[in-house]
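Structural characterization, general
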Amino acid sequence: MADPSSYRPKPGEIPDSPGVYRFRDEHRRVIYVGKAKSLRQRLANYFQDLAGLHPRTRSMVTTAASVEWTVVSTEVEALQLEYSWIKEYDPRFNVKYRDDKSYPYLAVTMNEEYPRVQVMRGHKKKGVRYFGPYAHAWAIRDTVDLLLRVFPVRTCSAGVFKNAARTGRPCLLGYIGKCSAPCVDRVSADEHRELADEFCDFMTGRTNTYIRRLEKQMGEAAEDLEYERAARLRDDIEALKKAMEKNAVVLADATDADLIAVAEDELEAAVQIFHVRGGRVRGQRGWVTDKVEEITTGALVEHALQQLYGEETGDAVPKEVLVPALPDPVEPVQEWLTTRRGSGVSLRIPQRGDKKALMETVQRNAQQTLVLHKTKRASDLTTRSRALEEIADALELDSAPLRIECYDISHLQGDDVVASMVVFEDGLARKSEYRRFQIKGFAGQDDVRSMHEVINRRFRRYLAEKEKTGEWADGEATGSAGSIENGETAGHEGSPTGADALAGTDAATGTDTLADIGTDTVTGTDTLTSANTLTEDDGRPKKFAYPPQLVVVDGGAPQVAAARRALDELGIDDIAVCGLAKRLEEVWLPGDDDPVVLPRTSEGLYLLQRVRDEAHRFAISYQRTKRSKRFRSSPLDDVPGLGETRKQALLKHFGSLKKLRSATIDQICEVPGIGRKTAETIAVALARSAPAAPAVNTATGEIMEEEPGTMGSSGVPVTTGAPDERRGQET
């Protein structure tokens, strides 16, 4: 690993002008290419204290052994030279987009004497007009089959064309009218080229001209009593309209534009592009990239524009390019695009209307592409095995952590503090093992203390399970003394009560299906119920029976220290602990002053990130569920056997909870579906929940009546103003 000071240029050597710079390693290979408006200011940023650099930048400058630069006149020239060098050297630390597939194009070989329509992939050739890209080759063939009725352009290969010319007999398409048969001189080369030009015009979006022309010819044929010709023209018009229907109108003003959307996380980014011509989506493509450098969304957009238009000219660069974020600065990029097109290009962010709506669709496609890419990556057995081995090596574990548990804390401004536990076995989520906790030991916001409580509760239960199964001899239970303190016992526990028996998540659908953490009605201890969990001899489910090889916490050094302290208090020293901090994706170990920085391309880092993100998702969903239930709670919820329908009937009959509370049992019985026994239960429940005394305005002496409009959307009373008072940031 090189010291950047060993190759730092001397003061005054670097010019204060636009240019492009290259970092090379000890073998003279280019590892990074960048551009700058001021080379002096930009390069000075790389040679500051290593501790102040982003981990990815720090890795690059310590890998490099030299730096060189080229001065240019303008920022546009710098942009062009940067693209050329990235393409030439393929630097390892630059963002490199890679197509998630080789997209097919509809190509018209205008460089041949008799242009041919065909499906083409790979690099574009000079003199060939391309339309697309398309998601599937069959979509191109379906479109071409419809258009050949109106534009009978040659589609055969060179060998078939020469054989037909030699024998004087056209192919089948020539006989059925889907080819003008230039091979046997039915049309001249100029006439066939004119057909190809019309085909290209139609594909570029100039569709109405040809439809109006055919409709006029159809009318003239009908007036001349040429009904067969009119019928054929009618069928041609229907074929063109059917081809147009395959690309629905998305922008009403016949816009020519490309829409680019970016979905990203800390490690990867996916780009989706929709090509709109004549107001219709004519093509779609996407890329996925590893974020090997510290980069903003605007910079990702700039790289995507270079990749997309670096070799394009003329109409291939549209008049308008819509993006989610603008490069900084935007003027050189816009000028470069204008140069590629030969006329003005608008580069902007859509703010409203159809274009913004279409951009949201492109954004959803980008997000789905990223999710699909991650799913494919995670499902590969070899990749998972490598990830576990990398984690074991980085954390110096004795073996690969086949079971990983990750914990996260979530709350809203200190209210409804909850925690989640997610489980990954052999690199895959084990959703039937997920657990969720309510923080009970204290009130308020303290993530470190919450983490300590959750780890302590989870592993006390684990120790209690080991004692029950007899895995420990009496003399070995020294660390389990804490497992029966604070009201938590290893014996039989009650069932969870209504609001506390919350759901887990189904592994296949992601929907809530499993009853989870609850509270024992007698002892106040945590309970678990799960239909899919292994059961003990007495039929009760096992709870926390399996220890992990690795505990991951969402956070940095303080959270890691709290988790390690909780395990030490229980005498558990054979379970590794680490934390993953969101900001720089650093891995923290207990007692270490500096984090472990896994390589940017590490599968181990990717797995830890996925585990951490899943714990965060699971915790936030639980926290939102609790908050929603609290906002919509009602004394009627505690009445056994009273469902939503009868609650609504009661509230509709009496008009408010206040009037229902003041009603007699006989009056409650008047509500359809409410018997006397149920009415008595309702009266008792409402009496228990009645306010101790009315609120009094001390200034006027007035009794403050219950505010109207405190009904939830389902008719259940809620706390007035609660949503506004609870606004804040979820964690």
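Note that the coordinates shown come from a computational prediction; the quantities given were computed from them, not determined experimentally.

Spatial strand order, β6-β5-β7: three strands in an open sheet with antiparallel pairing. Each end of this open sheet is capped by a strand with a single partner; those strands are β6 (117–120) and β7 (129–131). For this sheet, the mean inter-axis angle between neighbouring strands, taken without regard to orientation, is 35 degrees. Taken together, the four bridges between strand β5 (residues 105–108) and β6 define a ladder with antiparallel strand orientation. By the bridge assignment for β6, Y105 is matched with M120. Sitting on the sheet, helix α7 (residues 189–203) is in contact with β5, β6 and β7, with an inclination near 150 degrees to β5.

In this description, an aromatic ring pair is defined by two values, namely the gap between the centres and the angle between the planes. Tallying each qualifying case throughout the model produces twelve aromatic pairs. Aromatic side chains Y21 and Y32 sit 6.3 Å apart centroid to centroid with 40 degrees between the ring planes, which places their arrangement in the tilted category. Residue Y21 is found in strand β1 (residues 19–24), and its partner Y32 is found in strand β2 (residues 30–36); the two are separated by eleven residues along the sequence. Y21 sits in the buried class, given a relative accessible area of 1%. We classify Y32 as buried; its relative accessible area is 10%. The interplanar angle of 90 degrees and the centroid separation of 6.3 Å between the aromatic rings of F459 and Y462 together place this pair among those described as edge-to-face. Placement of both F459 and Y462 in helix α14 (residues 447–469) is noted, with a separation of three residues, approximately one turn of the helix. As far as the burial class goes, F459 and Y462 line up, both buried. Grouping aromatic residues by their ring pairs yields a cluster made of Y7, Y21, F23, Y32, Y46 and F47. Directly above the aromatic system of F161 lies the positively charged group of R154, at a separation of 4.9 Å from the ring centroid.

Another point: the sheet that holds strand β3 (residues 66–71). Pairing is antiparallel across the open sheet formed by three strands, whose spatial order is β2-β1-β3. The open sheet has two free edges, formed respectively by β2 and β3, since each of these has just one partner strand. Here the average twist between neighbouring strands, direction ignored, is 20 degrees. Direction of pairing for β1 relative to β2: antiparallel, over a ladder of six bridges. Note on β2: the bridge partner recorded for Y21 is G34.

Relative to each other, helix α3 (residues 75–89) and helix α11 (residues 331–341) sit at 70 degrees, their axes nearing to 8 Å. Our classification of the angle between α3 and α11 gives roughly perpendicular. Here α3 contributes E75, V76, L79 and Q80 to the contact with α11, which in turn contributes P332, V333, E335, W336 and T339. Split into classes, the residues belonging to the contact of α3 with α11 amount to five nonpolar, two polar and two charged.

Criteria and thresholds
- Residues numbered from 1 in each chain as written.
- Predicted model: local features only at pLDDT ≥ 70, side-chain atom pairs only at ≥ 80, totals over all residues.
- Heavy atoms only, no water.
- Pairing = 2+ DSSP bridges.
- Helix = DSSP H or I, 4+ residues; strand = E, 2+ residues; numbered from the N terminus.
- Axes fitted to C-alpha atoms, helices over the stretch in contact; angles between N-to-C directions.
- Contact = heavy atoms within 4.5 Å.
- Phe/Tyr/Trp six-rings, centres within 6.5 Å; stacked < 30°, edge-to-face > 60°.
- Buried < 20%, exposed > 50% of the residue type's maximum accessible area, 1.4 Å probe, protein only.
- Lys NZ or Arg CZ within 6 Å of the ring centre and 35° of its normal.
- Parallel < 35°, antiparallel > 145°, perpendicular 65-115°, else oblique.
- Nonpolar A, V, L, I, M, F, W, Y, C, P; charged D, E, K, R; others polar.

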